Amino acid sequence: MRTTKSEPVDDGDESGLTISTPQEHAAGPTAVAVSMKRALGHMGPVRTARTLRALNQAEGFDCVSCAWPDPDPGHRHTAEFCENGVKAVAEEATKDRATPEFFAAHSIADLDAHSEMWLGQQGRITHPMVKRPGGTHYEPIGWDEAFTMIGDELRSLASPDEATFYTSGRASNEAAFVYQLFVRAYGTNNLPDCSNMCHESTSIALQESIGIGKASVTLQDVHDAELIVLAGQNPGTNHPRMLTALETAKRNGAKIISINPLREAGLVRFKNPQNVRGVVGRGTDLSDLHLPIRLNGDLALFQAIGSLLVEWDAVDHDFVERYTTGYEEWRRHVGAVDRDVVTAATGLSWEQITEAARMLRDSGRTVFCWAMGLTQHRNAVATIKEVVNLAFAQGSIGRPGAGLLPVRGHSNVQGDRTMGIWERVPQSFLVALQREFGFDPPREDGLDTVDSIRAMRDGTVRFFLGLGGNFAQATPDTDVTARALRRTRMTVQISTKLNRSHLVCGRTALILPTLGRTEKDVQAGGPQAVTVEDSTCSVHASRGPLDPASPHLRSEVSILTSIAETTLGDRYGIDWRAMREDYRHIRRHIARVVPGCESYEVNVRRPGGYLMPHPPRDSRTFDTPSGRGEFAVSPLEVLQVPPGHLVLQTLRSHDQFNTTIYGLSDRYRGVEGGRRVIFLHREDITALGFRDGDRVDIVTRWDGDEHVRRAPGFRIVEYDTPRGSAAAYYPETNPLVPLDSTALGSNQPASKSVVVTLERESSGRAADSTSGTQDDTGADQWHKRDPEPVYPS
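Keep in mind that what you see is a predicted model, and the values were worked out from it rather than measured.

*Asks:* Hey, could you run me through the pairing of strand β21 (residues 530-533) in this one?
*Replies:* Successive residues of a regular strand alternate their side chains across the two faces of the sheet. By the alternation rule, side chains of β21 split into Val530 and Val532 and Thr531 and Glu533, which are all buried. In textbook terms, the turn of a hairpin is the stretch between consecutive antiparallel strands, and for β21 and strand β22 (residues 538-542) this stretch comprises four residues, one of which, Cys537, has a positive phi near 70 degrees.

*Asks:* Looking at this model, I keep getting lost on the side chain of Arg675. Mind explaining?
*Replies:* Relative to the assigned elements, Arg675 resides in the loop between β29 (671-672) and β30 (677-680). Judged by relative accessible area, which is 3%, Arg675 ranks as buried. One polar contact links Arg675 to Glu732, side chain to side chain, over a distance of 2.6 Å.

*Asks:* For this particular structure, what's the right way to read the environment of Thr659?
*Replies:* Here Thr659 lies in the loop between β26 (656-657) and β27 (660-661). Here Thr659 falls in the buried class, since its relative accessible area comes to 10%. Measuring from C-alpha to C-alpha, the distance between Thr659 and Ala509 comes to 21 Å, with 150 residues separating the pair along the chain. When neighbours within four sequence positions are excluded, Thr659 is seen to be in contact with Glu116, Asn470, Gln473 and Ala474.

*Asks:* Got a minute to help me understand the confidence of the model for the protein chain in this structure?
*Replies:* In regions of low pLDDT, the predicted coordinates are not meant to be interpreted in detail. Across the protein chain, pLDDT averages 91, with 91% of residues at or above 70. In this model residues 1-8 is a low-confidence stretch, pLDDT under 50, and it forms 19 contacts with partners more than four residues away in sequence or in other chains. Considering only residues more than four positions removed or in separate chains, one finds that residues 764-793, a stretch of pLDDT under 50, has 89 contacts.

*Asks:* What's the story with unusual backbone geometry in this structure? I'm lost.
*Replies:* Trans is the prevailing form of peptide bonds, just as negative phi is the prevailing case for residues other than glycine. Geometrically, the link from Tyr730 to Pro731 is a cis peptide bond, its omega value of 10 degrees lying close to zero. For Pro731, the location among the structural elements is in the loop between β33 (725-729) and β34 (754-760). Of note, the phi angle at Asn296 is positive, near 70 degrees, even though the residue is not glycine. When you line up the elements, Asn296 lands in the loop between β12 (289-291) and α14 (298-311).

*Asks:* How do you make sense of the packing of aromatic side chains when you look at a structure like this?
*Replies:* Each aromatic ring pair is summarised here by two numbers: the centre-to-centre distance and the angle between the ring planes. Summed over the entire model, instances satisfying the criterion amount to 24 aromatic pairs. The structure contains a cluster of three or more aromatic residues connected by ring pairs, namely Phe319, Tyr323, Tyr327, Trp330, Phe392, Phe622 and Phe631. Positioned over the ring face of Trp312 is Arg361, at 4.9 Å from the centre of the ring.

*Asks:* Is there a simple way to explain the nonpolar core in this structure?
*Replies:* The tendency in soluble globular proteins is for nonpolar side chains to be buried as a group. In terms of nonpolar packing, the biggest core is built from 118 residues, with Phe165, Phe182, Leu404, Phe463 and Leu512 touching the most fellow members. Tallying contributions element by element places helix α7 (residues 173-186) first for this core, with 10 residues. Ignoring anything within four residues of it in the chain, the contact list for Phe463 reads Ile150, Glu153, Leu154, Leu157, Glu162, Ala163, Thr164, Phe165, Thr488, Met490 and Val492. Listed in part, the 22 residues of the second largest apolar core include Leu219, Ile228, Met242 and Leu286.

*Asks:* I'm lost on the sheet that holds strand β25 (residues 646-651) in this one. Help?
*Replies:* Across a sheet, strands are paired by hydrogen bonds formed along the backbone, either parallel or antiparallel in direction. With respect to topology, six strands assemble into a closed barrel ordered β25-β33-β30-β32-β31-β34, the strand pairing being mixed. Taken pair by pair, the neighbouring strands of this sheet meet at an average axis angle of 45 degrees, ignoring direction.

*Asks:* Any chance you could explain the pattern of salt bridges here in plain terms?
*Replies:* Oppositely charged side chains can pair when the atoms bearing their charge come close. A complete count under the given rule lists 58 salt bridges for this structure. A salt bridge links Glu80 to Arg241; the shortest N-O distance between them is 3.2 Å. In this pair, Glu80 is assigned in the loop between α1 (29-54) and α2 (83-92) and Arg241 in the loop between α11 (235-238) and α12 (242-251), connecting sequence segments 161 residues apart. Relative accessible area serves as the criterion here: at 11%, Glu80 is assigned to the buried category. For Lys214, the salt bridge is made with Glu533, and the minimal N-O distance between the two is 2.9 Å. Linking Lys214 in the loop between α9 (200-210) and α10 (219-224) with Glu533 in strand β21, this pair joins segments that are 319 residues apart in sequence. Accessibility assignment for this pair places Lys214 and Glu533 in one class, buried. The structure contains a network of salt bridges with shared partners spanning Arg38, Glu83, Lys87, Asp655 and Arg667.

*Asks:* So what exactly am I meant to see when it comes to the packing of α14 against helix α16 (residues 327-335) here?
*Replies:* Two elements in contact, α14 and α16, have axes separated by 8 Å at closest approach and are oriented at 105 degrees. By the criterion of interaxial angle, the relationship of α14 to α16 is roughly perpendicular. Contacts between α14 and α16 involve Gln303, Gly306, Ser307 and Val310 on the former and, on the latter, Tyr327, Trp330, Arg331, His333 and Val334. In the contact of α14 with α16, the residues fall into four nonpolar, four polar and one charged.

*Asks:* I would appreciate a short explanation of the packing of α7 against helix α26 (residues 556-568) in the present structure.
*Replies:* In a packed pair of helices, the relevant descriptors are the angle between the two axes and the axis-to-axis distance. In contact at an axis separation of 9 Å, α7 and α26 are set at 15 degrees when each is read in the N-to-C sense. Considered as vectors, α7 and α26 are oriented roughly parallel to each other. The handedness of the crossing between α7 and α26 comes out as left-handed. Side by side, α7 and α26 meet where Glu174, Ala175, Val178, Tyr179, Phe182, Ala185 and Tyr186 of the first sit next to Glu556, Val557, Leu560, Thr561, Ile563, Ala564, Thr567 and Leu568 of the second.

*Asks:* Would you mind showing me how to read the pairing of strand β14 (residues 366-370) here?
*Replies:* Across the five residues that make up β14, a large majority, five, are buried. Along β14, one buried face is formed by Thr366, Phe368 and Trp370 and the opposite face, lined by Val367 and Cys369, is buried too. Bridge analysis of strand β8 (residues 227-231) against β14 gives five bridges, and the strand direction is parallel. Residue pairing in the sheet places Ile228 in a bridge with Val367 of β14. Relative to strand β15 (residues 403-406), β14 runs parallel, the two sharing four bridges. Bridged to Cys369 within β15 is Leu405.

What counts as what
- Every chain begins its residue count from 1, and numbering advances along the sequence as written.
- Per-residue local features of the predicted model are confined to residues with pLDDT of at least 70, and side-chain atom pairs are confined, for both listing and counting, to 80 or more; whole-chain, interface and lining totals are unaffected and use all residues.
- Values shown for side chains rest on all heavy atoms present in the structure; no hydrogens or waters enter the calculation.
- We call a residue buried when its accessible area falls under 20% of the maximum for its residue type, exposed when it is over 50%, and partly exposed in between, using a 1.4 Å probe and counting protein chains only.
- Helix numbers and strand numbers start at the N terminus; a helix is a DSSP run of H or I with at least 4 residues, a strand a run of E with at least 2.
- Two strands form a pair only when DSSP identifies at least two bridges running between them.
- Polar contact criterion, stated in full: a pair of N or O atoms within 3.5 Å, where within protein one must be able to donate a hydrogen and the other to accept it, and residues adjacent in sequence count only if both atoms are side-chain atoms.
- Note on contacts: a residue pair qualifies if any of its non-hydrogen atoms lie within 4.5 Å across the two residues.
- Each residue carries a pLDDT score, the predictor's own confidence in it, on a scale running from 0 to 100.
- Pairs were defined over the aromatic rings of Phe, Tyr and Trp, the Trp ring being its six-membered one, requiring ring centres within 6.5 Å. Orientation was assigned from the angle between planes: stacked under 30 degrees, edge-to-face over 60, tilted for the rest.
- Lysine NZ or arginine CZ positioned within 6 Å of the ring centre and within 35 degrees of the ring normal marks a charge as sitting over the ring.
- We define a nonpolar core as any set of buried Ala, Val, Leu, Ile, Met, Phe, Trp, Tyr and Cys residues linked to one another through side-chain atoms lying within 4.5 Å.
- A fitted line through C-alpha atoms represents every axis, and for helices the fit uses only the stretch in contact; the resulting angles, taken between N-to-C directions, go from 0 to 180 degrees.
- The salt bridge definition used is simple: a Lys or Arg side-chain nitrogen within 4 Å of an Asp or Glu carboxyl oxygen.
- Any angle between 65 and 115 degrees counts as roughly perpendicular, while under 35 counts as roughly parallel, over 145 as roughly antiparallel, and the rest as oblique.
- Think of it as three bins: nonpolar holds Ala, Val, Leu, Ile, Met, Phe, Trp, Tyr, Cys and Pro, charged holds Asp, Glu, Lys and Arg, and polar takes everything else, Gly as well.
- Whether a crossing is left-handed or right-handed is set by the direction in which the near helix is turned from the far one by less than a right angle, anticlockwise for left-handed and clockwise for right-handed.

Printed below as a string of structure tokens:
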């Protein structure tokens, strides 16, 4: 067992922060070198070989990072992974350990003073741990006692609705199914998940428009497209394997439009390290047209494009007439779009918008891709419906090489939703659950993520269980969330590694250490496999190659079924033990409950798995009230920004995955050695009275809320971004996102539409008052290596 950590740990010291010209291409030999250095440093050569050889292979394990689909088994590369996938695997398969001795040496207050990156680098948690009421440290606890404490607490609540049960996107389908079964048998639909914060707007918009909240394309459709629209996403950092698919599409003749405020490296050029052109050549140019749109301008852009398609009669009238409803109302609406309003909202010229519309007009096969750059705005649901309107107008649903592709950011977030992890699951799912298990599940909608925080804040939810994730850091309004969690009587975290949510906890707190996806899962019935679903509805098996990090770990399924047994006893006659000992029992239940999972055991055992049914894609049938695809008419709302203010989007660094901070290198944007930076347009810097390199506090006030939210100590970085649009990394900026600033219809936090002001750095900045934790920067030195513009012409 290692006691020395894999790499020198930077614990909030950013004195080496440097800014240089951003990299003009994604991946390349540098990515290979960075990946292997990280893997070898954390895992050593033997574990590195065993894990990477099995990563994303048909008989191996699914990447714990993003949900990008795998090629067919016969077309997979030996190295079927990307730089950030390797980082994620190295984090989980590290040799470092956080033992009971570690927790005895560090009080919770001591741990809470460290940075998020430092916490993650302490290694895998080896034993169940408990913080008892009034305790200052976590201490070891036996599994049986932990389960008893949880069961006693849940049974003591006045109502099952006083508990909330969160899920991150790393949980397997089997774990998700037994989790939702337990929660509903307990008596509540309070099942918030990370999708509430990333693609809830997508789920609502697609469900209402096409009848299913999932992508209507396969990986082959991306390869075969004539035009690919990338809106509000940064594939080079957030789903790098997508770049290989885009490279294939380009070789096949596709054109690409990128719509994003920042001109990201992953939208410009890809140097594929798996071929000669990527290693010694200039790589593959990606975007044929880049539209540097202002934040929250997407709805205006898509309506303007729609108006031009209608004006040119570039509409698939046969598809519209046979398969949709509402076209005439939409046609009249977009026909009245005010061009001046559009150009002001988007920051684009009408010529740029017209060029994009021409590319759509000339394409017979268009794939529309998007991510959180579209979903995290007040008008996000309307914006995504407008994307669907364009797909309807061109007949892009159910056509090979065309369709809708919301790109999911966590490896099984879509599978968890398929398995019933949703606070407003369809009634048909509950009917099937009742038929299979003989109890009547609660029918009222439960609490999502934002409403769970409100309920904990208000004292109406007293128990929190987190299946993976880092709730305290992933959620908006960090200070409010922290106070809410600390108000609960008990918090339980099922985790692999230490994070902030173990320290921002209830009166009693439990950490239940679980197996990672890289590890062997052996139960009484023998070695087990789990299943996952990717962004394109493909479901396949996953089997870890490594021995568990500790003999005291238990699988997610084992932990959840044990909690269910202890809490419910033999209520309803559900055989939790059989499901724990052999996951085939779970999959048999899945086959009878979950739509599209008939013959589930047989299908998932096929090499590469199987593709779930998708009626709009498969047969152009739509499970909507009208039985057709539904055009939506949405008012063109423009975000009003007062003078002297900016619109801030929160985003990832290249050296992180969600709230997991791998390091302090965002080389694609030219940032090294730090994270507390804010990217601004040159003219905005001058107009606001600052200079490149100044240190500022970012401040926001929410309508009707007297509370001033402040994130202190950010360095201004001049960047190629539209006027009025700013960007900074989360979770450092999550304290600025008001809990009540959410998308209409989805209640998803509007983390890409935060109206802020900048103030010169306040004194006493070492403690961030919004988070109650150590400020993750401490840079007194400022180095700028290159005075050239961030993107040479």
